[in-house]
Structure formats: C-alpha cells, structure tokens
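A closer look at the structure
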Amino acid sequence: MCDPRLSVGDRRLMERLSRLEPFPASLLEMGCGDGHKLVALKRSHHVDTYGVDTHEPSVVSLQSAGVDAMVCDMRHLPFEDCHFDWVLIANSLHHVPNPRGAMREAARVARHGVVICEPWCDQTIASQRTTYTLCQWSNALVQSLGYFHREGLSAGEILDLIDFEAASADVSYELGIARWDVNEWLKDFRPHMDQLATTHFLRWRLKHLLATLPTETATEPGQVVVVIRKCAV
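Residues numbered from 1 in each chain as written. Predicted model: local features only at pLDDT ≥ 70, side-chain atom pairs only at ≥ 80, totals over all residues. Heavy atoms only, no water.

Another aspect to go through is the packing of aromatic side chains. Scanning the entire structure with this criterion turns up nine aromatic pairs. Note on Tyr50 and Phe84: the rings are 6.1 Å apart at their centroids and 50° apart in plane angle, and the pair reads as tilted. Pair noted here: Tyr50 is in strand β2 (residues 48-53) and Phe84 is in strand β4 (residues 84-90), with a separation of 34 residues, a long-range link. For Phe84, a relative accessible area of 5% corresponds to the buried category. Taking the centre distance of 6.3 Å and the plane angle of 75° together, the rings of Trp137 and Phe189 count as edge-to-face. Of this pair, Trp137 sits in helix α5 (residues 126-144) while Phe189 sits in the loop between α7 (182-187) and α8 (190-193), placing them 52 residues apart in sequence. You'll find Trp137 and Phe189 in the same group, each marked buried. Three or more aromatic residues joined by ring pairs form one cluster here, namely Trp137, Trp180, Trp185 and Phe189. (Phe/Tyr/Trp six-rings, centres within 6.5 Å; stacked < 30°, edge-to-face > 60°. Helix = DSSP H or I, 4+ residues; strand = E, 2+ residues; numbered from the N terminus. Buried < 20%, exposed > 50% of the residue type's maximum accessible area, 1.4 Å probe, protein only.)

Applying the stated rule across the entire model yields zero disulfides. Here Cys72 stays free of any disulfide, with the sulfur of Cys32 as its closest cysteine sulfur at 10 Å. Given a relative accessible area of 10%, Cys72 falls into the buried group. Cys121 provides the cysteine sulfur closest to Cys135, a residue in no disulfide bond, and the two sulfurs are 5.2 Å apart. (Disulfide = S-S within 2.5 Å.)

Quick look at the environment of Ala107 now. With respect to the secondary-structure elements, Ala107 resides in helix α4 (residues 99-109). With 15 residues separating them in the primary sequence, Ala107 and Asp122 have C-alpha atoms 29 Å apart. Excluding its chain neighbours within four sequence positions, the residues that come into contact with Ala107 are Val114, Phe164 and Lys230. (Contact = heavy atoms within 4.5 Å.)

Spatially, the seven strands line up as an open sheet ordered β3-β2-β1-β4-β5-β7-β6, and their pairing is mixed. In this open sheet, the two edge strands, each paired with only one partner strand, are β3 (68-71) and β6 (166-174). Across the sheet, the mean angle from the axis of one strand to that of its neighbour is 15°, orientation sign disregarded. As defined by bridge partners, β2 adjoins β3 across four bridges and the pair is classed as parallel. Counted as the bridge partner of Asp53 is Val71 from β3. Those strands touched by helix α1 (residues 8-18) are β1 (26-30), β4, β5 (110-120), β6 and β7 (222-230), and its axis lies near 20° from that of β7. Packed on one face of the sheet, α4 meets β1, β4, β5 and β7 and runs near 145° to β5. (Pairing = 2+ DSSP bridges. Axes fitted to C-alpha atoms, helices over the stretch in contact; angles between N-to-C directions.)

Here we take up the environment of Ser18. Among the secondary structure elements, Ser18 is positioned in helix α1. C-alpha of Ser18 to C-alpha of Ala90: the two residues are 72 residues apart in sequence and 15 Å apart in space. Leaving out residues up to four positions away in the same chain, Ser18 has contacts with Phe23 and His45.

What follows is about the side chain of Asp85. Position of Asp85 among the secondary structure elements: in strand β4. Given the relative accessible area of 9%, Asp85 is considered buried. At 3.0 Å, the side chain of Asp85 forms a polar contact with the backbone nitrogen of Ala25. At 2.3 Å, the side chain of Asp85 and the side chain of Arg111 are in polar contact. Setting aside chain neighbours within four positions, we find Asp85 in contact with Phe23, Pro24, Ala25, Ser26, Ala110, Arg111, His112 and Gly113. (Polar contact = N/O pair within 3.5 Å; in protein donor to acceptor, adjacent residues only side chain to side chain.)

By themselves, these observations are geometric and do not establish any function.
Right, here's the structure in full:
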C-alpha cells in the first residue's frame with residue numbers, strides 16, 4: 001500500500017529510484033526533511049537509506065522510524081568518497097545559497113551517480129499557471145522572514161552545476177495533473193503567516209490571489225528529474 005504522505009510526484013520518483021541501474025543498494029538523501037521517501041524505499045525496496053538535514057526535529061523523527069540520519073549541512077558531508085551507491089537531492093537544492101557546493105559533495109560521496117529533483121510548473125496549462133503564481137507567493141513569504149528560498153532550479157541550471165567527470169545526464173519532466181488542495185497547502189505556511197504584521201503586503205497579496213485565481217482547478221506542481229551518472233573509476 002502506498003504511503004498516503006507521499007505525493008504523486010514522490011511516488012513517481014520512488015519508482016524511478018527503484019529502477020536505477022545499478023540498483024541503489026545504498027542511498028543518501030541530502031536535505032531529506034521528514035524522510036518519508038527514505039522510509040518507503042527502505043520498507044518497500046529494501047534499500048539501505050541514510051538522510052541528512054539541518055532541521056533537527058525531522059532528523060530525530062526519521063531516526064525513530066528506523067532510518068539512519070544526522071543533522072548536517074549538505075555542502076559539507078562527513079562521509080568518505082563513493083560511500084553510497086546513489087545520492088538523491090529532492091526538492092531541496094533551491095534552498096541552498098551555494099548549490100554548486102552541494103552538488104560537488106553529492107558527486108563526491110556517490111559511487112554511481114546523483115539524482116536531482118526540483119519543482120516545475122508547465123505554464124502552458126492554465127491550472128499550472130495558478131499553481132505557479134501561488135508558489136511565487138509562498139517563496140516571497142519565506143524570503144520575507146529571512147530564509148533562503150528561490151524558485152526551483154531548471155534542468156539547464158542543474159546541468160550547469162556539474163563540475164565533475166560525468167558520463168551522462170538524463171532529463172525528465174513529470175506532471176501528474178492531480179487536483180491541488182490549495183487550502184491544505186496553505187496550512188503549512190500558517191506559522192509563517194502568523195509572524196507577519198496584520199498590515200503586511202503579503203497578507204493582502206494572498207487575499208487578492210485567492211479571490212481572483214481559479215484555485216478550485218489548480219493542479220499539483222510537476223517536477224524535473226535529472227539523473228547524472230558518474231564516469232566509471
């Protein structure tokens with residue numbers, strides 16, 4: 001049974017990871033967050049998973065679920081070269097001020113390659129334009145509180161970060177067109193909203209967006225997935 005905490009995109013990503021060749025007997029996720037994908041990979045595909053993140057409560061929760069994890073900056077990993085079969089960076093690279101350093105570390109500790117997943121919206125589709133506009137608002141909200149948070153990196157920007165010997169890079173765009181529950185999504189940002197003054201521009205901006213955008217037809221963000229294979233040593 002699928003973990004209900006996994007989005008459609010996460011489930012697709014898990015399937016992709018389970019089909020990697022060579023199979024990922026061991027996998028590190030950098031910026032793992034709650035680590036639901038790692039738990040699912042460990043239980044469903046018997047992958048030896050490990051996670052690193054800067055958010056200590058998430059790491060503690062992941063450890064209690066039976067997955068090895070530690071608090072760590074992804075730009076400075078305490079692992080030997082080629083320690084893991086594969087390294088995953090899923091929807092976290094756009095939170096890093098120096099993503100090239102994170103990519104370099106990922107390649108260093110990976111034996112076979114690195115899988116990068118970043119959020120993406122197809123703006124040729126009306127429902128996706130709504131989603132993209134709301135995501136821009138959430139980015140501005142997080143940035144207003146002093147956190148680094150930019151738009152998801154494009155495939156070109158990800159490929160431009162490669163400064164190591166790579167054999168190939170496969171790029172895929174995935175869009176499930178599942179209905180996006182905007183109200184559920186906004187719940188995650190309530191703690192951030194509570195920190196804003198009642199007269200803050202972003203409060204007005206959200207009220208305006210919810211009143212003018214066709215949020216009832218919004219669809220989940222898609223994702224761009226880049227699989228980079230290292231040259232054989």
